[in-house]
Structures are given as C-alpha cells and as structure tokens.
Amino acid sequence: MDALVNKRIKKVLKGDQNAFAELVELYQHQLYQICYRMLGNKHEAEDIAQEAFTRAYVNLHTFDQKRKFSTWLYRIATNLCIDRIRKKKPDYYLDAEVRGTEGLNMYSSIANDDQLPEEELMRMEVQERVQYEISRLPDKYRAAIVLKYIEELPLSEISEILDLPLGTVKTRIHRGREALRKQLSNL
C-alpha cells in the first residue's frame with residue numbers, strides 16, 4: 001500500500017492532479033471520520049477534511065516519503081481540528097440535530113432481528129453520550145483517545161501524528177481514559 005501511495009505522490013509532484021484525486025479517494029472516508037470524532041459536527045468535519053487535503057496538496061513537496069503518508073495527512077487534520085476547537089466558542093446551530101435523535105432515520109423503523117428498537121435507541125444514546133464526553137475532554141487527551149480507540153491506530157503512529165514521544169502518548173491515553181471513566185461513571 002505504501003509503495004502505491006508513494007508512486008501516486010511522485011506522480012503528483014510531477015504535475016499529475018489525477019494522482020492526487022486517487023489519494024483523496026483512498027483516504028477521504030477515514031480522514032473525515034477522524035475530523036468528525038474530534039469535532040462532533042458533520043459540516044465542520046467536512047470542511048476540515050477538505051482543508052487538510054488542500055494543505056497536503058500545497059505542501060506535498062515537504063513530505064518525507066520515508067514516512068507513511070497517512071500519518072502525515074492525519075497529523076495535518078488533527079492539528080486543524082485542534083485549531084478549530086481552540087477558536088470555537090460554544091455555539092448552537094438552528095440546523096443541528098435535536099439531542100437524543102442522532103442517527104434516527106427511516107432505517108430505524110425496519111424490524112431488526114438482533115435488537116429491539118428500544119435497545120437500539122439505548123445503544124445510540126450511549127454512543128451519543130460517549131461522543132459528547134469525548135468532546136468535553138481537553139484537546140490533548142481528546143486527540144489521543146480518538147486516534148487510539150476510534151481510529152484504532154497503533155501507538156507509534158499516534159506518536160508521529162501528534163509529534164509526541166511514545167511515553168507521552170501512553171500517558172495522555174491513560175489520563176484521557178480515566179477522565180472519560182469519571183465523566184461516564186453515572187451512565
């Protein structure tokens with residue numbers, strides 16, 4: 001995979017914009033997921049993911065091809081998310097989903113053999129609560145928790161993305177997990 005990505009990067013550096021479109025297609029879903037998990041807002045996550053790809057394209061000449069492209073790209077996105085969080089004041093959108101209805105759509109009315117509708121609703125409420133509590137974590141813990149438990153990245157890659165020593169990453173994950181445990185203790 002890395003060889004394929006590096007081949008595309010070399011094409012982009014030679015001026016082939018279609019090769020970058022292939023990179024976008026390859027990473028867009030996972031990059032959006034990282035942004036959404038950090039920001040908790042669909043529209044902001046889309047904006048930040050797009051901005052991350054734009055910055056990656058503009059600065060591709062600075063990318064060290066001995067490293068993983070995904071790590072570099074995720075680091076750009078994570079930094080942009082943290083910047084957005086720091087600049088953002090609490091605000092409310094008229095088009096925001098009503099609390100407690102996140103994820104409900106026509107599919108939720110289809111009978112499911114696995115879970116009763118009440119169980120599915122409970123599961124969704126728990127997921128919403130966990131996502132909310134993750135969004136309340138301090139930036140440094142939130143980034144580590146999202147990359148470790150939501151994106152399931154290895155510690156070494158998280159260390160590169162956040163530009164922190166491995167021990168610091170482990171500490172932040174531990175402290176973030178403990179903070180989440182406290183916040184969710186009444187769940």
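Residues numbered from 1 in each chain as written. Predicted model: local features only at pLDDT ≥ 70, side-chain atom pairs only at ≥ 80, totals over all residues. Heavy atoms only, no water.

Labelled according to an unreviewed UniProt entry, the protein chain appears under the name RNA polymerase sigma factor SigW, originating from Planococcus liqunii. According to the UniProt record, the Sequence similarities (unreviewed entry) comment for the protein chain is "Belongs to the sigma-70 factor family. ECF subfamily." (UniProt positions renumbered as here; feature names shortened; annotations may be inferred.)

**Q** Please clarify how the environment of Ala52 should be interpreted in this entry.
**A** Checked against the element boundaries, Ala52 lands in helix H3 (residues 42-58). Look at Ala52 and you get buried, because its relative accessible area is 0%. Between the C-alpha atom of Ala52 and that of Arg75, which follows or precedes it by 23 residues, the distance is 9.1 Å. (Helix = DSSP H or I, 4+ residues; strand = E, 2+ residues; numbered from the N terminus. Buried < 20%, exposed > 50% of the residue type's maximum accessible area, 1.4 Å probe, protein only.)

**Q** Please explain the packing of aromatic side chains as it appears in this structure.
**A** The relative placement of two aromatic rings is captured by the distance of their centres and the angle of their planes. Taken as a whole and judged by the stated rule, the model has eight aromatic pairs. An angle of 55 degrees between the planes, with centres 5.5 Å apart, marks the rings of Tyr27 and Phe69 as tilted. With Tyr27 in helix H2 (residues 17-39) and Phe69 in helix H4 (residues 69-87), this pair connects stretches of sequence that are 42 residues apart. Considered together, Tyr27 and Phe69 belong to a single accessibility category, that of buried residues. Within the aromatic cluster, the residues linked to one another by ring pairs are Tyr27, Phe63, Phe69, Trp72 and Tyr74. (Phe/Tyr/Trp six-rings, centres within 6.5 Å; stacked < 30°, edge-to-face > 60°.)

**Q** Looking at this structure, how should I read the packing of H4 against helix H7 (residues 155-162)?
**A** The description of two helices packed together rests on the angle between their axes and the distance between the axes. In the contact formed by H4 and H7, the axes pass within 8 Å of each other and the chain directions differ by 50 degrees. The orientation of H4 relative to H7 falls into the category oblique. Classified by chirality, the crossing of H7 by H4 is right-handed. Where H4 abuts H7, its residues Ser70, Thr71, Tyr74, Arg75 and Thr78 lie against Glu157, Glu160, Ile161 and Leu162. Its residues assigned to classes, the contact of H4 with H7 comprises three nonpolar, three polar and three charged. (Axes fitted to C-alpha atoms, helices over the stretch in contact; angles between N-to-C directions. Parallel < 35°, antiparallel > 145°, perpendicular 65-115°, else oblique. Left-handed = near helix turned anticlockwise from the far one by under 90°. Contact = heavy atoms within 4.5 Å. Nonpolar A, V, L, I, M, F, W, Y, C, P; charged D, E, K, R; others polar.)

**Q** It is not clear to me how helix H6 (residues 139-150) should be interpreted in this structure. Could you clarify?
**A** Side chains three or four residues apart in an α-helix point the same way, a direct result of the helix having 3.6 residues per turn. With twelve residues, H6 ought to run about 16 Å at 1.5 Å a step, and its terminal C-alpha atoms sit 15 Å apart, in line with that. Restricting attention to buried positions, one finds in H6 the residues Asp139, Tyr141, Arg142, Ala143, Ala144, Ile145, Val146 and Leu147. Considering only its buried residues, H6 is in contact with H2, H4, helix H5 (117-136), H7 and helix H8 (166-183). With its phi angle positive at about 55 degrees, Glu152 sits one or two positions after the end of H6. (Expected span 1.5 Å × (residues − 1).)

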